[in-house]
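# Structural features, examined
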Amino acid sequence: MFHSFFPRPKLFFSSAAIWTLVCICVWYSVGPQIGALVGLPPMPPGETPPVGLAFFLTPDNIWFYIYFTIFVGIFGFVWKVIARDHPWVDWSIWGSAFIIFIAYFSVQISVAVNNWRGPFWDMIQRAMNKDPDVTVGALYSLQLRFLEIGLIGVALSVITAFFTNHYVFRWRTAMNNYYLSKWDKLRHIEGASQRVQEDTMRFANILEGLGVALINSVMTLVVFLPILFRLSDNIGDLPVIGAIPHALFWLAIVWSLFGTGLLALAGIKLPGLQFRNQRVEAAFRKELVYGEDHAERADPVTVRELFDNVRRNYFRMYWHYLYFNVARYTYGQLDAIFLTFILIPTFVAGRLTMGLWQQVATAFGQVTDSFQYLVSFWSTIIELLSIYKRLVAFEAAIDNEPLPEIDQRYLERVGKA
């Protein structure tokens, strides 16, 4: 699944993780000073960032684009030398780097929108209070700034969808070519054709959505956690527990980790059940396919037994999904009112303007949504894990390792037939 597309996957991903940490440490330690030396200094503390297109062209943002390109270039050059014979090295290195960059840039669009919300909604509030200094032209001007950001977002969404589709299909092609090159070892395994055609397709499609969402979540945390930390200075006492320094920052982390842990615990059995569900469905389907060409196959007793396996597994899944959904939907309902509940004392104290409230709500939502990655995508992750297990078992035949028990039983049944 991985070494067909990535060169030496364990070393590749571990080196990428270490290099990323180095880049982050350098950026947050001496990065701003280096940027100032090359004429691209960071924004002074307390200065309001520009609204609209100008936000993306500030000196510190331009410096980050250059910084990212330099560090990715170093990493990519080293791996091009190490894996120069790998057929997919360009897509796995440069394609992955481009996806990471556009994920970062999409988060920057969210930051730009959040910067816009403050002055716009403060001006709306002043207009509702009949402030004579608020003009129609000023509000329309801020609307145009929002349009600038929106058009960049539209362009980025189109580019992201187009590129990731091609990237993931290349990955599927790499898996397909690898499995077909080992077809003599794989053709006797239950559902071999389905695993090569359907499982690789589903693996690639699911990974496209989950992978992009995961990168976006990580980038969102990197960008919005400092913003939420700063905005927490405007928050007063919290219900029950009173005043806490940087309260929103810590509450977002604790609340999100609680939800993630809750759903991970409630859904711990689901990946295995989903994995077995694919197996029993494939065994049932395979017997019916054989019955189309051979009169002695797909007899009523065998087919009934195989379908009983399908029924039992589905009923077990329904039971486990019952309490999983209780936990998921209950947490989701509480999450919808959590921020408003903890900010009621702050509202009453009059510490938030409408614009500031919009910025706080957006930043808090961005952080909690990112931390709740498992909460949001747990059902899809379960499906991906089950496909991963099927393909891992499939690859056991390539490495001459013992097949899982369910595959061994299938081969015994075929041999007897």
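The structure displayed is predicted, hence computed values, not measured ones. (Residues numbered from 1 in each chain as written. Predicted model: local features only at pLDDT ≥ 70, side-chain atom pairs only at ≥ 80, totals over all residues. Heavy atoms only, no water.)

### Details of the overall build of the chain
In terms of helices and strands, the chain carries 13 helices and 0 strands. When the helices and strands of the chain are read in sequence order from the N terminus, they spell out α-α-α-α-α-α-α-α-α-α-α-α-α. When the backbone C-alpha atoms are referred to their principal axes, the chain occupies close to 90 × 55 × 40 Å. With 417 residues in all, the chain has 42% of them scored as buried. Contacts in the chain between residues at least 24 apart in sequence constitute 79% of all its contacts with a sequence separation of at least 6. (Helix = DSSP H or I, 4+ residues; strand = E, 2+ residues; numbered from the N terminus. Buried < 20%, exposed > 50% of the residue type's maximum accessible area, 1.4 Å probe, protein only. Contact = heavy atoms within 4.5 Å.)

### A few points about the packing of helix α8 (residues 247–266) against helix α11 (residues 354–371)
In the contact formed by α8 and α11, the axes pass within 8 Å of each other and the chain directions differ by 35°. Crossing of α8 against α11: the hand is right-handed. In this structure, α8 uses Leu-248, Leu-251, Ala-252, Ile-253, Ser-256, Leu-257 and Thr-260 to contact α11, whose residues at the interface are Val-360, Phe-364, Val-367, Thr-368 and Phe-371. Residue classes in the contact of α8 with α11 are distributed as 9 nonpolar, 3 polar and no charged. (Axes fitted to C-alpha atoms, helices over the stretch in contact; angles between N-to-C directions. Left-handed = near helix turned anticlockwise from the far one by under 90°. Nonpolar A, V, L, I, M, F, W, Y, C, P; charged D, E, K, R; others polar.)

### Some thoughts on the packing of helix α4 (residues 89–128) against helix α5 (residues 136–181)
Where α4 contacts α5, the two axes come as close as 10 Å, and the packing angle between them is 160°. Comparing their axes, α5 and α4 come out roughly antiparallel. Judged by the sense of rotation from one axis to the other, the crossing of α4 with α5 is left-handed. (Parallel < 35°, antiparallel > 145°, perpendicular 65-115°, else oblique.)

### A short note on the UniProt feature "transmembrane region" (unreviewed entry) in the chain
UniProt records the feature "transmembrane region" (unreviewed entry) at residues 12–30, 62–79, 91–113, 149–169, 203–227 and 247–268, using the numbering of this structure. In this annotation, residues 12–30 is assigned 95% helix and 0% strand; the end-to-end C-alpha distance for the span is 26 Å. Segment residues 149–169 splits into 100% helix and 0% strand. End C-alpha atoms: 30 Å apart. (UniProt positions renumbered as here; feature names shortened; annotations may be inferred.)

### Focus on the packing of aromatic side chains
Tallied over the full model, the rule gives 47 aromatic pairs. Between Phe-258 and Tyr-331, the aromatic rings sit 6.3 Å apart at their centres with planes inclined by 55°, giving tilted as the arrangement. A residue pair is termed long-range when its members are at least 10 positions apart, and Phe-258 in helix α8 and Tyr-331 in helix α10 (residues 300–348) qualify at 73 residues. Geometrically, the ring pair formed by Phe-284 and Phe-307 is tilted, given 5.5 Å between the ring centres and 55° between the ring planes. (Phe/Tyr/Trp six-rings, centres within 6.5 Å; stacked < 30°, edge-to-face > 60°.)

### Examining the pattern of salt bridges
For the structure on display, the rule yields 4 salt bridges. When the shortest N-O distance is used, the salt bridge between Arg-145 and Glu-148 registers 2.9 Å. Linking Arg-145 with Glu-148, this pair stays in helix α5, spanning 3 residues, or about one helical turn. Assessed through its relative accessible area of 24%, Arg-145 is described here as partly exposed. Across the salt bridge formed by Arg-311 and Asp-308, the nearest N and O atoms sit 4.0 Å from each other. With Arg-311 and Asp-308 both in helix α10 and 3 residues apart, the pair spans about one turn of that helix. In this structure Asp-308 comes out as partly exposed when scored by relative accessible area, which is 25%. (Salt bridge = Lys/Arg side-chain N within 4 Å of Asp/Glu carboxyl O.)

### Details of unusual backbone geometry
The backbone of Arg-8 shows a phi angle near 45°, a positive value even though the residue is not glycine. When you line up the elements, Arg-8 lands in the segment before α1 (9–29). By relative accessible area, Arg-8 is classed as exposed at 52%. Non-glycine residue His-246 carries a positive phi angle of around 55°. Turning to its location among the elements, His-246 is positioned in the loop between α7 (192–231) and α8. On the basis of relative accessibility, which here comes to 23%, the residue His-246 falls in the partly exposed class.

### Quick word on the environment of Phe-229
You can see Phe-229 is positioned in helix α7. A residue is classified by how much of its surface remains accessible, and Phe-229, at 31% relative accessible area, is partly exposed. Not counting residues up to four positions away in its chain, the partners in contact with Phe-229 are His-246 and Phe-249.

### Examining the side chain of Thr-58
Tracing the sequence through the fold places Thr-58 in the loop between α2 (31–37) and α3 (59–82). Taking the relative accessible area as the measure of exposure, Thr-58 reaches 7% and is therefore buried. For Thr-58, the side chain forms a polar contact with the main-chain oxygen of Phe-55, separated by 3.3 Å. When neighbours within four sequence positions are excluded, Thr-58 is seen to be in contact with Met-43 and Pro-50. (Polar contact = N/O pair within 3.5 Å; in protein donor to acceptor, adjacent residues only side chain to side chain.)

### Topic: the nonpolar core
Phe-56, Phe-224, Leu-248, Ile-342, Leu-343 and Val-367 are the most contacted members of the largest nonpolar core, which has 61 residues in total. Elements represented by at least two residues in this core include exactly α1, α3, α4, α5, α7, α8, α10 and α11. Sort the elements by how many residues they give to this core and α4 lands first, with 14 residues. What Phe-224 contacts, discounting residues up to four positions off in sequence, is Val-107, Ser-110, Val-111, Asn-114, Ala-363, Gln-366 and Val-367. Counting residues in each nonpolar core, the second largest holds 38 residues, with Trp-171, Leu-263, Phe-324 and Leu-391 among its members. (Core = buried A, V, L, I, M, F, W, Y, C linked by side-chain atoms within 4.5 Å.)

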